[in-house]
Amino acid sequence: MARTKKVVDLAAIEARREALRAELAQLDEQAKAVEQIARDAGRPVLIAALERIKIAAIDKADARAIATAISNHGGKAVANQLASLA
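Q: Just checking my understanding: could you explain the overall build of the protein chain for this structure?
A: In terms of helices and strands, the protein chain carries 4 helices and 0 strands. Element order for the protein chain, N to C, with α for helix and β for strand: α-α-α-α. Radius of gyration (C-alpha) of the protein chain: 26 Å, far over the 12 Å computed for a compact globule of 86 residues. Oriented by its inertia axes, the alpha-carbon framework of the protein chain measures out at about 85 × 25 × 20 Å. Every one of the 86 residues in the protein chain was classed for burial, and the buried ones make up 1%.

Q: Please explain the pattern of salt bridges as it appears in this structure.
A: When charged atoms on two side chains of opposite charge get close, those side chains can pair. Scanning the model with the defined rule gives 3 salt bridges in all. Notably, a salt bridge pairs R21 with E18, separated by 2.5 Å at the nearest N-O pair. One end of the pair, R21, and the other, E18, are both in helix α1 (residues 10–39), 3 residues apart, so they sit about a helical turn from each other. Among the residues examined, R21 registers a relative accessible area of 46% and is labelled partly exposed. Its salt-bridge partner being R43, residue D40 comes within 2.9 Å of it at the nearest N-O pair.

Q: What's the story with a nonpolar patch on the surface in this structure? I'm lost.
A: On the surface, L46, I47, L50, I53, I55, I58 and I66 cluster together into a nonpolar patch covering about 600 Å² of accessible area. Broken down by element, the nonpolar patch gets its largest block of residues, 3 residues, from helix α2 (residues 43–51). Structurally, the position occupied by L50 is in helix α2.

Q: What am I meant to see in the packing of helix α3 (residues 60–73) against helix α4 (residues 75–85) here?
A: When two helices pack together, their arrangement is given by the angle between the helix axes and by the axis-to-axis distance. Contact geometry for α3 and α4: axes closest at 6 Å, N-to-C directions at 125°. Accordingly, the angle class assigned to the pair α3 and α4 is oblique. Contacts between α3 and α4 pair A69, I70 and H73 from the former with G75, A77 and V78 from the latter. Class assignment of the residues belonging to the contact of α3 with α4 gives a composition of 4 nonpolar, 2 polar and no charged.

Q: What is the right way to read the environment of D28 from this model?
A: Relative to the elements of secondary structure, D28 occurs in helix α1. Along the primary structure D28 and A57 are separated by 29 residues, whereas in three dimensions their C-alpha atoms are 43 Å apart.

Conventions and cut-offs
- Residues numbered from 1 in each chain as written.
- Predicted model: local features only at pLDDT ≥ 70, side-chain atom pairs only at ≥ 80, totals over all residues.
- Heavy atoms only, no water.
- Helix = DSSP H or I, 4+ residues; strand = E, 2+ residues; numbered from the N terminus.
- Rg over C-alpha atoms; globule rule 2.2 N^0.38 Å.
- Buried < 20%, exposed > 50% of the residue type's maximum accessible area, 1.4 Å probe, protein only.
- Salt bridge = Lys/Arg side-chain N within 4 Å of Asp/Glu carboxyl O.
- Patch = residues over 30% accessible without salt bridge, like charges linked within 9 Å, V, L, I, M, F, W, Y side chains within 5 Å.
- Areas by Shrake-Rupley, 256 points an atom, 1.4 Å probe, with all protein chains shown as cover.
- Axes fitted to C-alpha atoms, helices over the stretch in contact; angles between N-to-C directions.
- Parallel < 35°, antiparallel > 145°, perpendicular 65-115°, else oblique.
- Contact = heavy atoms within 4.5 Å.
- Nonpolar A, V, L, I, M, F, W, Y, C, P; charged D, E, K, R; others polar.

Structure below.
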């Protein structure tokens, strides 16, 4: 029995390609949203810890520098550096 060749429909291929592009765009948006959530996941833990201790006066520039260091290097690296000061 001979195999029949599948007819290639260029319009169907283009339509499928566009559907896949749309799906990829949707996945990119979902990934971006998840990344944004993950980037801020430590905020509640840090705020809770800060509410439990007394903090002397600190100016806005220092607070921003600490927050930036946490954002850039991660909480563990900043905590290790701060622990080395003690």
